Amino acid sequence: MKLAKHHFFITSWCCLVVIQTLLATASSSSDAIEDDTIIPTFHTQNEQQKASDYANYFSAYADLHHQKIMLTDHHRMSAYHNAIKNNPHVFKDKVVMDVGSGSGILAVWAAQAGARRVYAVEYTDMAKHAREVVRANGLEDVVTVIQGAVEDVTIPIEDWDKYNLQIEVEEGDDDDAVEECRSATSEEEAKNDDNDASITSSCKQQQSSKVVDVIISEWMGYFLLRESMLDSVIRARDVFLKPKSGILLPSHATMLIAPIMNDDHHSMILQEYREGMDDWKYYLTNLKKKYGVDMGVLSEEYDKEQRDYYLKSSHYVQLDDDTILAPPAIVKTLDLAVCTLEDAKGVGETEFTFDIIASSDDETEDEEIINGFAGWFTVDFRSRTDKVGNKFGAKMTHPVHFSSSPEIGETHWGQQAFYFPSAIPIQRNSNVKIDGTME
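Because the structure is a prediction, the values reported are computed rather than measured.

Definitions and limits used
- Residues numbered from 1 in each chain as written.
- Predicted model: local features only at pLDDT ≥ 70, side-chain atom pairs only at ≥ 80, totals over all residues.
- Heavy atoms only, no water.
- Helix = DSSP H or I, 4+ residues; strand = E, 2+ residues; numbered from the N terminus.
- Buried < 20%, exposed > 50% of the residue type's maximum accessible area, 1.4 Å probe, protein only.
- Contact = heavy atoms within 4.5 Å.
- Areas by Shrake-Rupley, 256 points an atom, 1.4 Å probe, with all protein chains shown as cover.
- Expected span 1.5 Å × (residues − 1).
- Phe/Tyr/Trp six-rings, centres within 6.5 Å; stacked < 30°, edge-to-face > 60°.
- Salt bridge = Lys/Arg side-chain N within 4 Å of Asp/Glu carboxyl O.
- Axes fitted to C-alpha atoms, helices over the stretch in contact; angles between N-to-C directions.
- Parallel < 35°, antiparallel > 145°, perpendicular 65-115°, else oblique.
- Left-handed = near helix turned anticlockwise from the far one by under 90°.
- Nonpolar A, V, L, I, M, F, W, Y, C, P; charged D, E, K, R; others polar.
- Patch = residues over 30% accessible without salt bridge, like charges linked within 9 Å, V, L, I, M, F, W, Y side chains within 5 Å.
- Lys, Arg positive; Asp, Glu negative; His and termini not counted.
- Charge placed at Lys NZ, Arg CZ, Asp CG, Glu CD.
- Arc of directions from axis to C-beta.
- Polar contact = N/O pair within 3.5 Å; in protein donor to acceptor, adjacent residues only side chain to side chain.
- Pairing = 2+ DSSP bridges.

K.L.:
Quick question: what am I supposed to make of the overall build of the protein here?
P.N.:
Each helix and strand counted, the protein has 14 helices and 16 strands in total. Expressed as a percentage of the 439 residues in the protein, the buried residues total 49%. Considering only contacts in the protein between residues 6 or more positions apart, those separated by 24 or more positions represent 79%. With the model as given, the accessible surface of the protein reaches about 22200 Å², and the carbon-plus-sulfur share is 48%.

Right under this line is the structure:
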């Protein structure tokens, strides 16, 4: 028995994975081969690059073409549509907030399902298009589009009486104090007296408090947490959602990973890296020959940049189901009703194991290999499962499940591939065991 032992590390903004790969192949030798390397990620160390990524992110979401890509994702659209349309009792006469509304389609569906008031919160200039969509569908009396970060918005003061908004207090809160605060604030707003200091800052805060029955949001990013808006959804929940009866949709989320064989794309990435380095060498030669300047001293740093981009970054892929070599492992679960901002930062320490059985078909000419790992996510639209929400929360009588896994087909999220620097071959009639820890 020959034992090949490989150590891999996946580091990213959301996780650190330490993987020990044990390749057990048919052989009489007991030799052990160890290889230490790094599995790529989508982590950005540089804060300036992060700021640039966020600027590009919001700029892209303000573009109608980008919105169209999401709106033509049938799996995405049908999941949200079914969750709303098949559970109208959850929305009937309720107050709804759509966080990151984009084109406004979720807000429109909520209004069509019978919501009495919908707040569509959108940070980008897509908000002006959302207003047009709302108006074109005759729902401007129900849906209000608010442009701004959800962390900064407040409930319009005129809505309190017009829509009979009711604050739901948490256990230990003083109901009389909340009502007194609301009444005092309403009276002062009516006076429009800027010099009267009778309204305390705490009372003003109550004005943007827990009156929302449903928060709906398409917040998920690539591999769930990359470019996600989960932190904004959590802040909206803590400020606006009724703590006992309120519900978030989607309500639960799961991150999964699995080993993959995707050699064509992996080889293309490696080839692009090699070509980039060859081009750099050609550039150095010509620079020195034509202009008399030697910049070879920068080669190490250039190589690092190229490695970070090609070999140490995750890659967007649309995988076929047959590229998955083992059933996926769950690396993180989220209950949106109770998860924290800390939970949104990444993956806690999680162990996983994959058992890969190589093909025994001698007629198969193609060699089986492991190119790396792929990550994707699932979300569920179902009733609350926390103790308080299970007792008081609205019941999703027709729950909906959504997955961005390869077996579902193409979605605009695709999957994230974390490739090894070089593929690991699998001999026929052998078993491969991969043990790992994600933290």
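K.L.:
Help me understand helix α11 (residues 263-291) in this model?
P.N.:
Since there are 3.6 residues in each turn of an α-helix, residues three or four apart along the chain are aligned in direction. With 29 residues, α11 extends 41 Å from end C-alpha to end C-alpha; this agrees with the ideal 42 Å at 1.5 Å per step. All of the buried residues along α11 are H265, H266, I269, L270, Y273, G276, M277, W280, L284 and L287. At its buried positions, α11 is contacted by α12 (299-310), β10 (315-317), β13 (368-381) and β15 (415-426).

K.L.:
Before we go on, may I ask you to explain the packing of aromatic side chains in this structure?
P.N.:
Taken as a whole and judged by the stated rule, the model has 12 aromatic pairs. Look at F223 and F418: their rings are 5.9 Å apart centre to centre, the planes differ by 65 degrees, and that puts the pair in the edge-to-face class. Here F223 is found in the loop between β7 (214-216) and α10 (230-240), whereas its partner F418 is found in strand β15, with 195 residues between them in sequence. As far as the burial class goes, F223 and F418 line up, both buried. For the ring pair F377 and W413, a centre distance of 5.2 Å and an interplane angle of 90 degrees mean the geometry is edge-to-face. Within this pair, whereas F377 is found in strand β13, its partner W413 is found in the loop between β14 (400-403) and β15, the two being separated by 36 residues in sequence. Per residue, the accessibility class of F377 equals that of W413, and both read buried.

K.L.:
How should I be thinking about the pattern of salt bridges in this particular structure?
P.N.:
Any two side chains of opposite charge can pair if their charged atoms end up close together. A full pass over the atoms with the stated rule returns 13 salt bridges. Residues D238 and R237 are paired through a salt bridge, measuring 2.9 Å at the closest nitrogen-oxygen approach. With a relative accessible area of 42%, D238 lands in the partly exposed category. For K433, the salt bridge is made with D435, and the minimal N-O distance between the two is 3.9 Å. Overall, D435 belongs to the partly exposed group, its relative accessible area being 23%.

K.L.:
Help me understand the packing of α11 against α12, please; the structure alone is not making it clear to me.
P.N.:
Relative orientation and spacing of two packed helices are given, respectively, by the angle between their axes and the distance between those axes. Between α11 and α12, the least distance of the axes is 10 Å, while the angle of their chain directions is 160 degrees. In terms of axis orientation, α11 runs roughly antiparallel to α12. For the element pair α11 and α12, the recorded crossing hand is right-handed. Contacts between α11 and α12 involve I269, E272, Y273, G276, M277, W280 and L284 on the former and, on the latter, S299, Y302, D303, Q306, R307 and Y310. Class assignment for the residues of the contact of α11 with α12 results in seven nonpolar, three polar and three charged.

K.L.:
Sorry if this is basic, but what is going on with a negative patch on the surface here?
P.N.:
Where like charges cluster on the molecular surface, the negative patch consists of D320, D321, D322, E407 and E410. Structurally, the position occupied by D320 is in the loop between β10 and β11 (329-335).

K.L.:
In this structure, what is going on with helix α3 (residues 74-85)? I would like to understand it.
P.N.:
In this model, α3 (12 residues) spans 16 Å end to end at C-alpha, consistent with the 16 Å of a helix rising 1.5 Å per residue. Among all positions in α3, only R76, M77, A79, Y80, A83 and I84 are buried. Looking straight down α3, one finds that the buried residues subtend no more than 165 degrees of arc, so they occupy a single side. The backbone nitrogen of H75 has a side-chain oxygen 3.2 Å away, supplied by the residue at the start of α3, namely D73.

K.L.:
Help me understand the side chain of S430, please; the structure alone is not making it clear to me.
P.N.:
Tracing the backbone shows S430 in the loop between β15 and β16 (431-438). Residue classification places S430 among the buried positions, given a relative accessible area of 3%. Separated by 2.4 Å, the side chain of S430 and the backbone oxygen of Q427 make a polar contact.

K.L.:
What is the right way to look at the sheet that holds β7 in this model?
P.N.:
Pairing between the strands of a sheet comes from backbone hydrogen bonds, and it takes one of two forms, parallel or antiparallel. Taking strand neighbours across the sheet as the criterion, the five strands line up as β6-β5-β4-β7-β8 in an open arrangement whose pairing is parallel. Of all the strands in the sheet, the pair left with one neighbour each is β6 (143-147) and β8 (247-249). Along the sheet, successive strands turn relative to each other by an average axial angle of 20 degrees, direction set aside. Where strand β4 (residues 95-99) lies against strand β5 (residues 117-122), five bridges are found, and the strand directions are parallel. When the bridges of β5 are listed, V95 appears paired with R117. Its contacts with the sheet place helix α5 (residues 105-112) against β4, β5, β6 and β7, and it is angled at close to 175 degrees to β5.

These values are about where atoms sit, not about what they do.
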